[in-house]
Amino acid sequence: FQTESVGFFNGLLIQIKLRTAYTDYLNNTRLKYSKSKSFFIRDQPVELYSYYVPTGISCGTKIIKKPSFSNCTDFTNRVVISGTGGSGKSVLIKHLFLNCIEEKKFTPIFIELRDLNSYEKTLDDFINDTLSTFGFNISNEYVTGAKDAGHFSFFFDGFDEINPKINNKVIKQISLLSKQFPKCPIFISSRPEDVLSGMEDFSIFKMMSLEIEEALSLVDKLPFEEIIKRKFCEDLLNGLFEKHKSFLSNPLLLSIMLLTYGDYAEIPSKLSIFYNQAYEALFQKHDAYKGGYFRKKLTSLDIQDFSKIFALFSLQTYEKRLFKMQRIQCIEFIKKSAERLGIKVKAEDYLKDLLSAACLMMEDGLEITFSHRSFQEYFVALQISNSSPEIQKKLIDRYWQNIYADNVINLLLEINPELVERELIVPELEEFFREIDVKTKVGITHYIKYLKFFFSKIYIEEEGVSFV
């Protein structure tokens, strides 16, 4: 009887411990990921749903207009959410994470993949550390058993922010996790990455563009002067949205347009001008949603010198694939940039202006991050354009490989088309013509060589020809 009693009480204690661990973990993670900062909301974290607007995703003919955890996993439990910068991937994956908690079918684990850049252990170790950090203090043996039973779901945010040196290793570790624990749903968010299309178990869902109703809903939720928002929405309805849908159907670019709205007669046709206007608005205009309050800068730099330092700072951090960094790291990069340019400024003051006056960066816990990665890319392109010819060539040769993952080269093409044509397009075309033996004119044999060069298979069907 005593043995049975001891066994009963031990079992009861384990159940209580497990229930406490799950409760603490879910409460802590909900608190962490239900609030965040954004390009427009920088001073303090706010509720995600105060600015979240449901955006559709599509995979082939499958369209999910209002994604939820269950309507995604009903289709597949292996999901890649792919989208360009500013399309809302990270906000969506946080929504799916929170929705998973609400549905109470799985215990979700949220991993910001960029944190692996400075982590020396395995992905599995990082997952265990994450569980422990948020209060799930249970032995690893139990965690492994729970994975086997399919108790967890995994949310990996920002695959494109992983250092290229380790991204093949991370892909292998995610693939291994997927094979070992098939009952656990896995979500990955990323900008378009070729390597992810090779993960056969995963369905790639693309972020859909905002429709007019969603754009209006987003503008309504943004913390901005009501009179300007109302006029902006009227113009969107009266043809502005349809005329510039390629820009205004992107949540970030829509927000930037609202920021600069009224200062410019029309929306620019180039993305680089868009970011330049946003920078000017952030640097020298008032905080429109704070009743015209103008933030005094600690530095006495003019708009051009401030931009020069930030452009070199952006290049240094982009080179190291740093999108989030410790404050001391940030200050060191600022110091190096200012010294190299011969501009005298206190790095601490410059950082404070970046955070509170220019708002190009923001504090995320104990770290500093870009208000949005797109600004880093714009200033990298600006820095390349203003560099010496030798440096320009080296950087273009290095960064054009990222052309499908980010906008650096596309923005540089807008800023300095002659440079990109001279250093990238013409040399690459000449090399390609040599590959297919073009000497003077292009003939049928060259076309066949071109097809062999780019495609491994050609399918001829009733509907038409498809290339793989």
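Residues numbered from 1 in each chain as written. Predicted model: local features only at pLDDT ≥ 70, side-chain atom pairs only at ≥ 80, totals over all residues. Heavy atoms only, no water.

1. Looking at a nonpolar patch on the surface
Where nonpolar side chains cluster on the molecular surface, the patch consists of Leu-413, Ile-425, Leu-429 and Phe-433 and spans about 300 Å² of accessible area. The element best represented in the nonpolar patch is helix α19 (residues 417–435), accounting for three residues. Position of Leu-429 among the secondary structure elements: in helix α19. (Patch = residues over 30% accessible without salt bridge, like charges linked within 9 Å, V, L, I, M, F, W, Y side chains within 5 Å. Areas by Shrake-Rupley, 256 points an atom, 1.4 Å probe, with all protein chains shown as cover. Salt bridge = Lys/Arg side-chain N within 4 Å of Asp/Glu carboxyl O. Helix = DSSP H or I, 4+ residues; strand = E, 2+ residues; numbered from the N terminus.)

2. Description of unusual backbone geometry
Within the chain, Arg-321 stands out as a residue other than glycine whose phi angle is a positive 55°. Secondary-structure assignment places Arg-321 in the loop between α13 (303–319) and β10 (324–326). Since its relative accessible area comes to 10%, Arg-321 is described here as buried. Positioned with a positive phi, Asp-437 is a non-glycine residue whose angle comes to about 60°. Mapping Asp-437 onto the fold places it in the loop between α19 and α20 (444–454). (Buried < 20%, exposed > 50% of the residue type's maximum accessible area, 1.4 Å probe, protein only.)

3. A short note on the packing of aromatic side chains
Counted according to the given criterion, the structure contains 34 aromatic pairs. For the pair Tyr-318 and Tyr-399, a centre-to-centre distance of 4.9 Å together with 90° between the ring planes defines the contact as edge-to-face. Taken together, the residues Tyr-318 in helix α13 and Tyr-399 in helix α17 (residues 389–399) connect sequence positions 81 residues apart. On the basis of relative accessible area, Tyr-318 is assigned to the buried category, the value being 2%. In this structure Tyr-399 comes out as buried when scored by relative accessible area, which is 4%. A cation sits over an aromatic face here: Lys-297 above Phe-283, 4.3 Å from the ring centre. The ring of Phe-323 carries the charged tip of Arg-373 above its face, separated from the ring centre by 4.1 Å. (Phe/Tyr/Trp six-rings, centres within 6.5 Å; stacked < 30°, edge-to-face > 60°. Lys NZ or Arg CZ within 6 Å of the ring centre and 35° of its normal.)

4. Things to note about the packing of helix α11 (residues 251–260) against helix α12 (residues 271–284)
One can describe the packing of α11 onto α12 by two numbers: an axis separation of 9 Å at closest approach and a directional angle of 50°. With respect to α12, the element α11 is oriented oblique. Along this stretch, α11 crosses α12, giving a crossing that reads as left-handed. Here Leu-252, Leu-253, Ile-256, Met-257, Leu-259 and Thr-260 of α11 come into contact with α12, specifically with Leu-271, Phe-274, Tyr-275, Gln-277, Ala-278, Ala-281 and Leu-282. (Axes fitted to C-alpha atoms, helices over the stretch in contact; angles between N-to-C directions. Parallel < 35°, antiparallel > 145°, perpendicular 65-115°, else oblique. Left-handed = near helix turned anticlockwise from the far one by under 90°. Contact = heavy atoms within 4.5 Å.)

5. Some points on the sheet that holds strand β9 (residues 203–207)
Strand order in this open sheet of seven strands is β4-β3-β9-β5-β8-β7-β6, and the pairing throughout is mixed. The sheet is open, and its two borders are formed by β4 (62–64) and β6 (107–112), each paired with just one other strand. Geometrically, the sheet is characterised by an average inter-axis angle of 20° between neighbouring strands, direction not taken into account. Direction of pairing for strand β3 (residues 57–59) relative to β9: antiparallel, over a ladder of two bridges. (Pairing = 2+ DSSP bridges.)

6. Focus: the packing of α13 against helix α14 (residues 327–341)
Where α13 contacts α14, the two axes come as close as 9 Å, and the packing angle between them is 125°. As summarised for this structure, α13 and α14 are arranged oblique, according to the angle between their axes. Between α13 and α14 the crossing geometry is right-handed. For the pair α13 and α14, the contacting residues are Lys-308, Ile-309, Leu-312, Phe-313, Gln-316 and Thr-317 in the first and Cys-330, Phe-333, Ile-334, Lys-336, Ser-337, Ala-338, Arg-340 and Leu-341 in the second. Looking at side-chain class alone, the contact of α13 with α14 contains eight nonpolar, three polar and three charged residues. (Nonpolar A, V, L, I, M, F, W, Y, C, P; charged D, E, K, R; others polar.)

7. Things to note about the pairing of strand β5 (residues 78–82)
Of all five residues in β5, five are buried, a share of seventy percent or more. A two-sided burial pattern is seen for β5, the buried positions comprising Arg-78, Val-80 and Ser-82 on one face and Val-79 and Ile-81 on the other.

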